Amino acid sequence: MMTPPPQHSPAAPSHSEPTTTRKQAASSGRVLFVDDDAELCDLAKMALTASGFSVETCTTAARALIRAETEEFDVLLTDLHLGDMDGLTLCGRVREMRPDLPVVVVTAFGSMGAAVDAIRAGAHDFVTKPIEMDALAHHVRRAVEHRRLNVEVAALREVVRKSHAPENMIGESRAMTEVYDIVRRVAATDVGVMVTGETGTGKELIARAIHGLSDRHEGPFVALNCAALPETLLESELFGHARGAFTDAKQARRGLFVEASGGTLLLDEIGEMTPAVQAKVLRAIQERVVRPVGDSRELPFDTRIIASTHRNLEEMIEEGEFREDLYYRLNVVHLPLPPLRSRGNDTLLLAQAFIDRFATRHGVPVVGIQAPAAARLMAYDWPGNVRELENCIERAVALTRFEKIGVEDLPPRVREHTPRRLPIDVSSPDELLSMREMERRYILAALDTVGGNRTRASELLGLDRKTLYRKLKQYEESGDDSP
Ligand SMILES: Nc1ncnc2c1ncn2[C@@H]1O[C@H](COP(=O)(O)OP(=O)(O)OP(=O)(O)O)[C@@H](O)[C@H]1O
Ligand SMILES: [Mg+2]
């Protein structure tokens, strides 16, 4: 299962150590079994307890309703024939009262009609009589998982809903909260903002957020990618041109500085501007006027300028490739966006938001992500940042045959990624790992280093072999066995 926020430990699945039955019972789920046959209740209780569930029983629907209302259960199992109320009515009442509690109905063998009625009445699943205890445990386990997934998805959605992030922005990590803080403060002013960050970190989205929170929000937001145009086209795009200024200039154009007046102009990939354009941009920003190409007049503009780049402009200044004076004009406030890999749990919040978005867009019933897949998302280093995660989730939503995305739905680079680095950056809470996750990574990395030799690994780690084997088995069972 995914780690629900706000806990910051990366998706360390919450499998309990199989050392005591009591612990196991607590983690396997709490079952309310309802049947007017007390003997059957005892039998089911014994079988399900042996499978690790904690089981309560009731012989009347009235009593079951009270318990379902006042206690926490993960699943309610009911027979269709109870003394005081029929099972379908009970199912309907429980669904109304506790929509989060899945109901599994026990129907007579061969009565498909009853099973269909039960599902119509809101039952999550049905099992047939005579009850086969192994199958019963299997159905109960599925229902418990279903409920827990729903609870986790609801928790993730709630975090996104309650978020203080600007509209359309997702992320609650300390690193991003600091970004939002700067965004709010600079939005109220017209100072030059330089947004930097690796590709796909959301530079354009942040520029839009600044615009959206500013007094200019009703004016235009215009983004221009300076890397996409050759010098002359870029000039006429920015400053406009007079009619006949060059061969193709059949109409006069105002240029984006003027067109974005009253709003915000994002100069994207500013590091790609040639020195000639840099000089003209500097002059325009200083004088608050532009002279269109081939025109003798100057046009005033009132446009906020935000610049962004993934290049290191300080280095470019040293190399004489970028004007220092322009740099200081644009970079009154520097807004560096953190890479996704240092945003902790934001990866899961973003993944959930993208699942919801793409499931709706493509009309597929995908609601969440399985624990081992969540662990892979947390372990991967996302060189393409949020854009790469977005693509990865869209693909997974389209591919998956289940309601939860699994490891096999992830692209190979994410699925097979083996981080060698053991990140111990204790300066940021988002980088901290749970002890369990730290241990897992360390053990798997150590095993990798000694070429998979378990005896050698156990010696080096100071663990006895049995303990090491047990831990490796756990990682394997939870699908969490890649470093
Ligand atoms: N915090 C976030 N919450 C939600 N979506 C995000 C977030 N950050 C980025 N995205 C999404 O990721 C994608 C990439 O964002 P954006 O284009 O703003 O990145 P960029 O830094 O400008 O990338 P590039 O360097 O490639 O131009 C977009 O689809 C954007 O909506
Ligand atoms: Mg961009």
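Reading the values: rules and limits
Residues numbered from 1 in each chain as written. Chains lettered and ligands numbered in written order. Predicted model: local features only at pLDDT ≥ 70, side-chain atom pairs only at ≥ 80, totals over all residues. Heavy atoms only, no water. Helix = DSSP H or I, 4+ residues; strand = E, 2+ residues; numbered from the N terminus. Expected span 1.5 Å × (residues − 1). Buried < 20%, exposed > 50% of the residue type's maximum accessible area, 1.4 Å probe, protein only. Near = heavy atom within 4 Å. Polar contact = N/O pair within 3.5 Å; in protein donor to acceptor, adjacent residues only side chain to side chain. Areas by Shrake-Rupley, 256 points an atom, 1.4 Å probe, with all protein chains shown as cover. 1 Å grid on protein atoms, 1.4 Å probe; cavity = no way out; pocket = protein on both sides within 12 Å on 5 of 7 lines; lining within 4 Å. Sits in = over half its atoms within 2 Å of the grid points. Domains from an automatic or database assignment. Pairing = 2+ DSSP bridges. Axes fitted to C-alpha atoms, helices over the stretch in contact; angles between N-to-C directions. Parallel < 35°, antiparallel > 145°, perpendicular 65-115°, else oblique. Contact = heavy atoms within 4.5 Å. Buried area = accessible area lost by both parts, 1.4 Å probe. Salt bridge = Lys/Arg side-chain N within 4 Å of Asp/Glu carboxyl O. Nonpolar A, V, L, I, M, F, W, Y, C, P; charged D, E, K, R; others polar.

1. A short note on helix H14 (residues 346–362)
Moving on, step 1. The terminal C-alpha atoms of H14 lie 24 Å apart, and with 17 residues this matches the ideal 24 Å at 1.5 Å per residue to within 8%.
Moving on, step 2. In terms of burial, H14 is a largely internal element, 13 of the 17 residues being buried.
Moving on, step 3. Taken from the residues just after H14, Gly 363 is the one with a positive phi, measuring 60 degrees.

2. Concerning the site of ligand 1
Moving on, step 1. Within the structure, ligand 1 sits among 15 residues, and Ile 170, Thr 199, Lys 203, Arg 387 and Glu 390 are positioned closest to it.
Moving on, step 2. Between Gly 200 and ligand 1, the recorded distance is 3.0 Å, taken from a backbone N or O atom to an oxygen atom.
Moving on, step 3. Measuring from an oxygen atom of ligand 1, one finds a backbone N or O atom of Leu 205 at 3.0 Å.
Moving on, step 4. For ligand 1, whose unbound accessible area comes to 640 Å², protein coverage reaches 84%.
Moving on, step 5. Among the detected pockets, ligand 1 sits in the second largest pocket.
Moving on, step 6. Of all the secondary structure elements, the ones that give two or more residues to the shell around ligand 1 are helix H8 (203–213), H14 and helix H16 (385–399).
Moving on, step 7. Shared between two domains, the shell around ligand 1 takes at least three residues from each, and those domains are domain 2 (174–337) and domain 3 (341–415).

3. What to know about the sheet that holds strand S8 (residues 264–268)
Moving on, step 1. Ordered in space as S7-S8-S11-S6-S12, the five strands form an open sheet in which the pairing is parallel. Every interior strand has two partners, whereas the edge strands, strand S7 (221–225) and strand S12 (333–336), have only one. Between one strand axis and the next, the sheet turns by 20 degrees as a mean value, whatever way the strands run.
Moving on, step 2. One ladder, built from four bridges, connects S8 with strand S11 (residues 304–309); its direction is parallel. Its bridge partner lying in S11, Thr 264 is registered against Arg 304.

4. Some points on the packing of helix H9 (residues 231–239) against helix H11 (residues 275–287)
Moving on, step 1. Two elements in contact, H9 and H11, have axes whose closest approach is 10 Å; the angle formed by their N-to-C orientations is 10 degrees. Judged on the interaxial angle alone, H11 and H9 are roughly parallel. Only Ala 276, Val 277, Lys 280, Val 281 and Ala 284 of H11 make contact with H9, whose side of the interface consists of Glu 231, Leu 234, Glu 235, Leu 238 and Phe 239.

5. Remarks on the domain arrangement of the protein chain
Moving on, step 1. You can read the domains of the protein chain as domain 1 (21–161), domain 2 (174–337), domain 3 (341–415) and domain 4 (434–477).
Moving on, step 2. A straight line from the C-alpha centre of domain 1 to that of domain 3 covers 30 Å.
Moving on, step 3. Contact with domain 1, which involves eight residues of that partner, is made by nine residues of domain 3.
Moving on, step 4. Taken as a group, Leu 149, Leu 156 and Arg 157 account for 59% of the area that domain 1 buries against domain 3, more than any other trio of residues on that side.
Moving on, step 5. At the boundary of domain 1 and domain 3, one finds two salt bridges.
Moving on, step 6. The salt bridge involving Glu 145 is made with Lys 404; its shortest N-O contact spans 3.9 Å.
Moving on, step 7. Applying the counting rule to domain 1 against domain 3 returns two residue pairs in polar contact (both at pLDDT 80 or more).
Moving on, step 8. Class assignment for the residues of the side of domain 1 that touches domain 3 results in five nonpolar, one polar and two charged.

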